[in-house]
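The primary structure of each chain is shown beneath.
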Amino acid sequence: MKLVLADPTYLRDSIGVISELVNEANFKITKEGLELVAMDPANVAMVMFKLLSSNFAEYDVETEQHLSINLANLKQVLKRAKANDMLKLEFSGEGKLNIELKSDSTRTFSLPLLDVEEKEQKIPNLTFPSTVEMTSSVLADAIEDSNIVGESVTLSLEPLKFTVRAESESTHANIEIPGENGTKITSSTTAKVKSKYSVEYLKKMMLGAKLSDQVTVHLNQDYPLKLEYKVIDKLSLNFILAPRVDND
C-alpha cells in the first residue's frame, strides 16, 4: 500500500474532527478510497468517513487493507502537515504506518498499528421524514448559542422553519432559521418533528464545518440525528447521534 496526497488538508482536518469523538479507528482501504465507520466509546455517536481515491496523487492499493491506529497519535502527526507538503502513507513490514511529509525538508514519522479485533461496524438503517440543507456555520453558531444555556438542545423542523432551542431553569435560547436564503427544508409530513440531543456531542460534530460550508440535517421524532458534510468528488463525513433521554 502506498498513498500520496499532494494536498494533505482534507485528511488532516477530517482526522482532527473524528478524533474528537473516536479514540481508536479501523480504516478500510479499498480501490475506491479510504473509509472509516466507528462508534465513540460511550456508544452515543457514530462516525462515517470516506476520502475518495481521486484525492490522491498516487493511490496504489492492490487488495483491500485494514489499518487500526490510535487517532490521537495520527492527529498529532497530521497537524504538522502544511498545505504545500506532499504526504505519503506506507505500511512497513514491522507493523507500523510510515508517514512522510515532504516540501523544503523531508520528515518521516512511524506510528504503531494496533492489534485489535476487526469487527465491522454496521450502519443502522434509519428513516427520516424531514431534512434541512443549510450553511454549516449557521448551524454551528446556533449550537454555540445553545451551549450558553444548557447541556441539551432540542432540534425541531416544520415545513417553513428549523428551530434550535435550549433551556435551563431560568434561561432559554431559541434560534429560528427560516427555509430561505440558502436553507432548504424538505419534509414528507406537515407535523413538527423534534428531538433532543447532547450539546457536548453536537459541538464536536460542528467541527465538520472546517470541511464543508454546507451541512444536511436529517430528523425524526425522538429519534437519532444524522448530519452529513460532503465535498463533491472529494469526501464525505457523516455523523449519527442518539437522542437525549430525560430521566424525569
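Structure shown above.
Read on for a plain summary of the structure.

### Some thoughts on the packing of helix α1 (residues 9-18) against helix α2 (residues 71-78)
Then, in step 1: Between α1 and α2, the least distance of the axes is 9 Å, while the angle of their chain directions is 145°. Every pair of crossing elements has a handedness; the one defined by α1 and α2 is left-handed. Mapping the contact onto sequence places L11, R12, I15, G16 and I18 in α1 and L71, L74, K75 and L78 in α2.
Then, in step 2: Split by residue class, the contact of α1 with α2 holds six nonpolar, one polar and two charged.

### What to know about the environment of N55
Then, in step 1: If you trace the backbone, N55 turns up in the loop between β4 (45-52) and β5 (58-60).
Then, in step 2: On the basis of relative accessibility, which here comes to 15%, the residue N55 falls in the buried class.
Then, in step 3: Along the chain, N55 and K203 lie 148 residues apart, while their C-alpha atoms are 28 Å from each other.
Then, in step 4: Not counting residues within four places of it along the chain, the set of residues in contact with N55 comprises L5, Y10, D233 and K234.
Then, in step 5: Among the polar contacts listed, one links the side chain of N55 to the backbone oxygen of L52, at a separation of 3.0 Å.

What counts and how
Residues numbered from 1 in each chain as written. Predicted model: local features only at pLDDT ≥ 70, side-chain atom pairs only at ≥ 80, totals over all residues. Heavy atoms only, no water. Axes fitted to C-alpha atoms, helices over the stretch in contact; angles between N-to-C directions. Helix = DSSP H or I, 4+ residues; strand = E, 2+ residues; numbered from the N terminus. Left-handed = near helix turned anticlockwise from the far one by under 90°. Contact = heavy atoms within 4.5 Å. Nonpolar A, V, L, I, M, F, W, Y, C, P; charged D, E, K, R; others polar. Buried < 20%, exposed > 50% of the residue type's maximum accessible area, 1.4 Å probe, protein only. Polar contact = N/O pair within 3.5 Å; in protein donor to acceptor, adjacent residues only side chain to side chain.

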